[in-house]
Amino acid sequence: MLFRTRIFSRILAALAVAAAACDSPPPEPEAPRVTVRDSAGIRIVENHAPEWGDSALWSVDPEPEFVIGGSNVVESPDDPSHLIWGIQGVARLSDGNILVHSGGEEAVFLFEPSGELVTRIGRKGQGPGEFVRPQHIQVLPGDTIAVWDYGFTRVNYFDSMGTFIGARRLDVATVLDKTRTATEYSPESIDIPLPDGSFVVQRGLRDYPLPQPGEIQRRPVEYLRIDTAYALHSFGWWRWDEIIGMSSKWGSYPWPPFARRSIVAAGGNPPSVYITDGDRVEIHQFAADGALKRILRRDAAPVPITSEELAQWKARAAEVSRPGVDWADWERSLAAAPPREFHPAILWFLVDTEGYLWVWESVTEGPRVYDPDGRWLGIVDTPPGVWIDEEMILMLGSDPDTDVQRIEGYRLRRD
C-alpha cells in the first residue's frame, strides 16, 4: 500500500510540473533579420540585422600583400612612383597583374604585383590602339582589356599582355541627338561602361535656376543606359550633389560640409544598376533595361556631426580649395542655410566581380556587404576599396609626408 501511495504521489508531482510548464508563456520568437515583401512587382528588402550576426565571416588581411608605387625616388622613366599619380581606375586580371589608369599620365599601364611594369597600353593619338585621353578601363571575360576614350569617341581592346586587338567607334552624333531635348541637355561623358558595350550616362535640366545665397540645392539628374543600338533606358530622376548659394561669383566653393549626393554603380551577372540619393540607407536596384527590381533598405539612425568633425572638414576644404575663395561669404551663406546636423547616410558603394554590393556608410566603420538578392550579410573591417574581386581588394593610398600615391592589394578571405 505504501508503495502504491508513493507511485501515486510521484505521478501527481509530475502532472503538477507539466501543468506549470503549460501555464508558462512560450519563449519570444527571434526577431527576423530581414523582411522581404513585394509591392507592385518590386521586391522590398528591409534589413534589420546582419545575416552573419555579430561576427563577420569575411575578413581582410591587415597588411597589404603588395604595394605598387608610393616612393618619391624616381630611378627610371618606368619607375612606378613616376607613373602612378592621379589614379582614375584600377583592376586585376586573372593572372594577378594589375591594370592601372593614371589620370596624371593620361595613360594605362599593366603592372606585376611586384611593382614591375609589364607594358604601357596604347599611346596618344587617334589611330588604332590610340586614345586622346583614357576615361574608363574594363577587364572583360577572357582578360580582354577595354579602354574607353574621353567623351563618346572610341573603345580600344587589348589582350591580357596589352597587345591591340580591335576597336569600336561610338556614334557621337546619335548619342547627342537621342539625349538632347528642349528641356534636357545631353550628357558630356560616360559614367559607367557595362560589359556588353552599353554605358550609363547622366543628364540634367536646361535653365535650372542657381541657388540663392544660403540655399542648399540638389539639382535633378536622370541616369540613362545607352545600349549598342543607341536606345535609351531610363533609371529615373534623382538628386545630384548638394550645392550652396553664395553672393560671390558662382563656382568659387559651392559645397556645404558633408554634402549628400546621388551615387550610381553597376555590376553582377546579369548586370544590375544601383542608385541612391545618399540621404538615407536606401538603394534601388535596376535591371539593365531600366526596370526596378529591388529596393534595399537598412534600419539605421542618423549619425550626428560633431563640432570637431565640422572644424576638420573646413580645414581640409581650405587645403584643397582654389585660390581666391571668398571664405567669409561661404561662412555667411552656411550660417543662413539649414544646419548641418547629420552625416550622409551613404558615402560610397561598389559592386564586386561576384555581384556583391559593398556600401560604406561611415568613415569609422568598414563596408556593409549585401548579397545579390539585397540581404545584408555583415560588416567587413576594411577601408574603402576601388576594386574588389573574389580574393583581393585594391585600395589607393598615399605617403602622408610626400602625398605620393600607391596601390595596395589586400587579401580578401570569404570564409
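What comes next is a walk through the structure.

Reading the values: rules and limits
Residues numbered from 1 in each chain as written. Predicted model: local features only at pLDDT ≥ 70, side-chain atom pairs only at ≥ 80, totals over all residues. Heavy atoms only, no water. Helix = DSSP H or I, 4+ residues; strand = E, 2+ residues; numbered from the N terminus. Buried < 20%, exposed > 50% of the residue type's maximum accessible area, 1.4 Å probe, protein only. Contact = heavy atoms within 4.5 Å. Phe/Tyr/Trp six-rings, centres within 6.5 Å; stacked < 30°, edge-to-face > 60°. Lys NZ or Arg CZ within 6 Å of the ring centre and 35° of its normal. Pairing = 2+ DSSP bridges. Axes fitted to C-alpha atoms, helices over the stretch in contact; angles between N-to-C directions. Left-handed = near helix turned anticlockwise from the far one by under 90°. Nonpolar A, V, L, I, M, F, W, Y, C, P; charged D, E, K, R; others polar. Salt bridge = Lys/Arg side-chain N within 4 Å of Asp/Glu carboxyl O.

Observations concerning the overall build of the protein chain
And step 1. Across its full length, the protein chain holds five helices and 29 strands.
And step 2. Counting over 415 residues, the protein chain shows a buried share of 45%.
And step 3. Taking the intrachain contacts of the protein chain between residues at least 6 apart in sequence as the baseline, contacts between residues at least 24 apart amount to 48%.

Re the environment of Phe235
And step 1. For Phe235, the position within the fold is in strand 18 (residues 232–244).
And step 2. For Phe235 and Glu222, which are 13 residues apart along the polypeptide, the C-alpha to C-alpha distance reads 7.0 Å.
And step 3. Every residue in contact with Phe235, bar those within four places of it in the chain, is listed here: Val200, Tyr223, Leu224, Arg225, Val273, Ile275, Phe286, Ala287, Ala288 and Gly290.

Re the packing of aromatic side chains
And step 1. Taken as a whole and assessed by the stated rule, the structure comprises 11 aromatic pairs.
And step 2. Relative to Trp358, the ring of Trp58 has its centre 6.0 Å away and its plane inclined at 35°; by these criteria the two rings are tilted. On the criterion of sequence distance, the pair formed by Trp58 in strand 3 (residues 58–60) and Trp358 in strand 24 (residues 357–360) is long-range, its members being 300 residues apart. The residues Trp58 and Trp358 share a single accessibility class, namely buried.
And step 3. Here a set of aromatic residues connected by ring pairs shows up, and it is made of Trp52, Trp58, Tyr356 and Trp358.
And step 4. Just above the ring of Tyr150 sits the side chain of Arg133; from NZ or CZ to the centre is 4.1 Å.
And step 5. Between Arg414 and the ring centre of Trp58, over which it is positioned, the NZ or CZ distance is 4.7 Å.

Observations regarding the pairing of strand 6 (residues 98–102)
And step 1. The buried fraction of strand 6 amounts to five of the five residues, a majority that puts the element mostly inside the structure.
And step 2. What sits between strand 5 (residues 87–92) and strand 6 in their antiparallel hairpin is a turn of five residues, with Gly96 showing a positive phi close to 95°.
And step 3. Pairing geometry for strand 6 and strand 7 (residues 107–111), over five bridges, is antiparallel. Counted as the bridge partner of Ser102 is Ala107 from strand 7.

Comments concerning the pairing of strand 18
And step 1. Here strand 17 (residues 216–226) runs beside strand 18; their pairing, made up of nine bridges, is antiparallel. Across the sheet, the residue bridging to Pro220 is Arg239, located in strand 18.

Points about the sheet that holds strand 6
And step 1. Pairing is antiparallel in the open sheet, where four strands are placed in the order 5-6-7-8. On the outer flanks of this sheet lie strand 5 and strand 8 (117–121), each paired with one strand and no other. Sheet twist, expressed as the mean angle between neighbouring strand axes with direction ignored, is 20°.
And step 2. Both strand 7 and strand 8 contribute to a ladder of four bridges, which runs antiparallel. Along strand 8, the bridge assignment pairs Val108 with Ile121.

A look at the sheet that holds strand 2 (residues 42–47)
And step 1. Across the sheet, which stays open at both edges, the six strands sit in the order 1-2-22-21-20-19 with mixed pairing between neighbours. Each edge of the open sheet carries a strand with a single partner, namely strand 1 (34–39) and strand 19 (263–267). Taking each pair of neighbouring strands and ignoring which way they run, the sheet shows an average axis angle of 20°.
And step 2. Bridge count between strand 19 and strand 20 (residues 272–276): five bridges; the pairing is antiparallel.

Let's talk about the packing of helix 4 (residues 307–320) against helix 5 (residues 327–336)
And step 1. At a minimum axis separation of 13 Å, helix 4 and helix 5 run at an interaxial angle of 145°. For the crossing formed where helix 4 meets helix 5, the hand is right-handed. Only Trp327, Trp330, Glu331 and Leu334 of helix 5 make contact with helix 4, whose side of the interface consists of Trp313, Lys314, Ala317 and Ala318.
And step 2. A per-class count over the contact of helix 4 with helix 5 returns six nonpolar, no polar and two charged.

Topic: the pattern of salt bridges
And step 1. According to the stated counting rule, one finds 26 salt bridges in the structure shown.
And step 2. Close ionic contact of Glu282 with Arg280 constitutes a salt bridge, the shortest N to O distance being 3.2 Å.
And step 3. One salt bridge connects Glu408 with Arg406, and the closest N-O pair in it is separated by 2.5 Å.
And step 4. On the accessibility criterion, Glu408 (10% relative accessible area) is buried.

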